[in-house]
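Observations on chain architecture
For reference, the chains in residue letters:
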Amino acid sequence: MITWLRKVNRSKNYILKRAKLRLKLNLLSTAVALARRSPADRDSDTNHLVIPFISKGIGDAVVIGGIVDTLVKNGYRVSVIADKRTHFLFREWNNLEGLYFYDPDNKKPLFTALKKINPFVFIDSHEITVSNVDVFNLLRVVKPHRTIGFTDKYRVYDEVVTVKDRLAHISTRYVDLLQHLGIPATEYDYSIVIPDGDAEAARAFIRNTTDKKIVSFIPYGSVSERFFSDQQIEAIIRHMAKYQDAYHLVILGEQHKIKPIPDSANVTKNTTPSFFSAAQIIKDSALVISPDTSFVHVSKALNKRMICIYPYKILVAPADNADIWGPNYPLAAQVRLKERRVMDADVRPILELIDQQLSAIAQ
């Protein structure tokens with residue numbers, strides 16, 4: 001009875017939160033519509049595009065990197081607004097017109113900077129989430145020259161991109177965006193820039209660790225649903241011991257998370273804390289094993305052979321996370337679980353895939 005009541009209470013809280021969010025977004029969208037520039041004020045054209053990246057993850061940034069590259073190659077100037085989660089990543093891109101920092105506790109400098117660079121086209125390429133409260137408020141204050149979005153549910157966008165298939169991989173809607181802008185694209189590559197210093201730190205770590213081929217293993221994702229259990233981690237490490245004459249297993253992840261995993265003759269934890277150094281280790285790996293989508297997208301950007309594990313997750317029914325945010329390239333073997341947590345899954349199919357992938361490398 002108590003369990004049932006807790007479940008009912010969680011459902012009520014979720015429904016209430018969603019209702020509050022919809023109300024807030026509706027009020028803000030009305031304010032944006034009232035503040036929007038009239039068509040007469042938009043008679044000048046501009047090739048400057050500004051893309052917000054607020055409350056998004058590293059993997060999302062890697063995915064959108066290919067869009068920036070394609071837009072710049074087609075004559076657009078592109079600027080990005082990012083918060084502390086991804087600002088460091090965009091800082092390494094030398095093809096950006098500008099990079100603006102979003103600080104939720106001090107927005108005035110950003111508003112001032114954006115008003116100064118107007119006219120520009122504001123492109124909100126993300127799904128509607130709680131972060132749109134920040135985005136809509138930004139639109140209300142800054143009043144961009146033109147706005148482009150992916151939904152017509154709210155009165156904030158001058159143009160709405162026609163998404164041909166909302167259940168297809170995320171890359172297809174970015175192709176739809178490119179086509180909306182008149183760029184005849186059918187696909188694009190992800191992008192990541194690894195600074196030279198981080199790349200050298202990673203290479204030094206590898207040189208001091210082994211002269212064998214590297215298999216990178218990321219045991220923990222950004223959320224607990226993507227964590228391997230201790231028993232699963234032990235099983236993978238024990239399985240890799242069969243290949244210790246040819247391969248060395250490198251454990252990647254946040255230092256405090258991977259610290260309890262013991263090093264051994266054929267297993268070493270990465271000691272370079274930089275995300276970019278981890279990306280370089282992936283670049284130098286023969287195989288990557290990951291339940292973390294950030295490293296899935298990094299592996300695609302670097303075209304690395306990979307085994308990626310996706311727990312069952314529906315985004316907005318019937319959109320499946322494993323479809324929309326899947327690896328989407330030939331060298332990736334995707335494990336689609338029926339379980340909602342990686343730690344609840346049978347590890348044996350993953351071990352079999354390791355054998356298959358290492359066999360393919362040896363051929």
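The paragraphs below set out a description of the structure included in this document. (Residues numbered from 1 in each chain as written. Predicted model: local features only at pLDDT ≥ 70, side-chain atom pairs only at ≥ 80, totals over all residues. Heavy atoms only, no water.)

Scanning the model with the defined rule gives 13 aromatic pairs in all. Between F136 and Y154, the ring centres sit 5.7 Å apart and the planes meet at 65 degrees, which makes this aromatic pair edge-to-face. Of this pair, F136 sits in helix α5 (residues 132–142) while Y154 sits in the loop between β5 (146–149) and β6 (159–160), and the two are 18 residues apart along the sequence. Comparing F136 with Y154, the two get one shared label, buried. With a centroid separation of 6.4 Å and an interplanar angle of 90 degrees, the aromatic rings of Y174 and Y188 are classed as edge-to-face. Here Y174 is found in helix α6 (residues 170–180), whereas its partner Y188 is found in the loop between α6 and α7 (196–209), with 14 residues between them in sequence. Its relative accessible area of 3% is what places Y174 among the buried residues. Joined through ring pairs, the aromatic side chains of F88, F275, F276 and F295 make up one cluster. Over the aromatic face of Y310 sits the side chain of R226, whose NZ or CZ is 5.2 Å from the ring centroid. (Phe/Tyr/Trp six-rings, centres within 6.5 Å; stacked < 30°, edge-to-face > 60°. Helix = DSSP H or I, 4+ residues; strand = E, 2+ residues; numbered from the N terminus. Buried < 20%, exposed > 50% of the residue type's maximum accessible area, 1.4 Å probe, protein only. Lys NZ or Arg CZ within 6 Å of the ring centre and 35° of its normal.)

Looking now at the pairing of strand β1 (residues 48–53). β1 sits mainly inside the fold: six of its six residues count as buried. Burial along β1 is two-sided: the face carrying H48, V50 and P52 and the face carrying L49, I51 and F53 are both buried. Bridge count between β1 and strand β2 (residues 77–82): six bridges; the pairing is parallel. Looking at the pairing, F53 lines up with A82 of β2. Where the polypeptide runs from β1 across helix α2 (residues 58–73) and back to β2, its parallel neighbour, the crossover connection is right-handed. Sheet topology places β1 next to strand β4 (residues 121–123); two bridges connect them, and they run parallel. Opposite V50, over in β4, you have F122 as the bridge partner. (Pairing = 2+ DSSP bridges. Right-handed = clockwise from strand over helix to strand, strands pointing away.)

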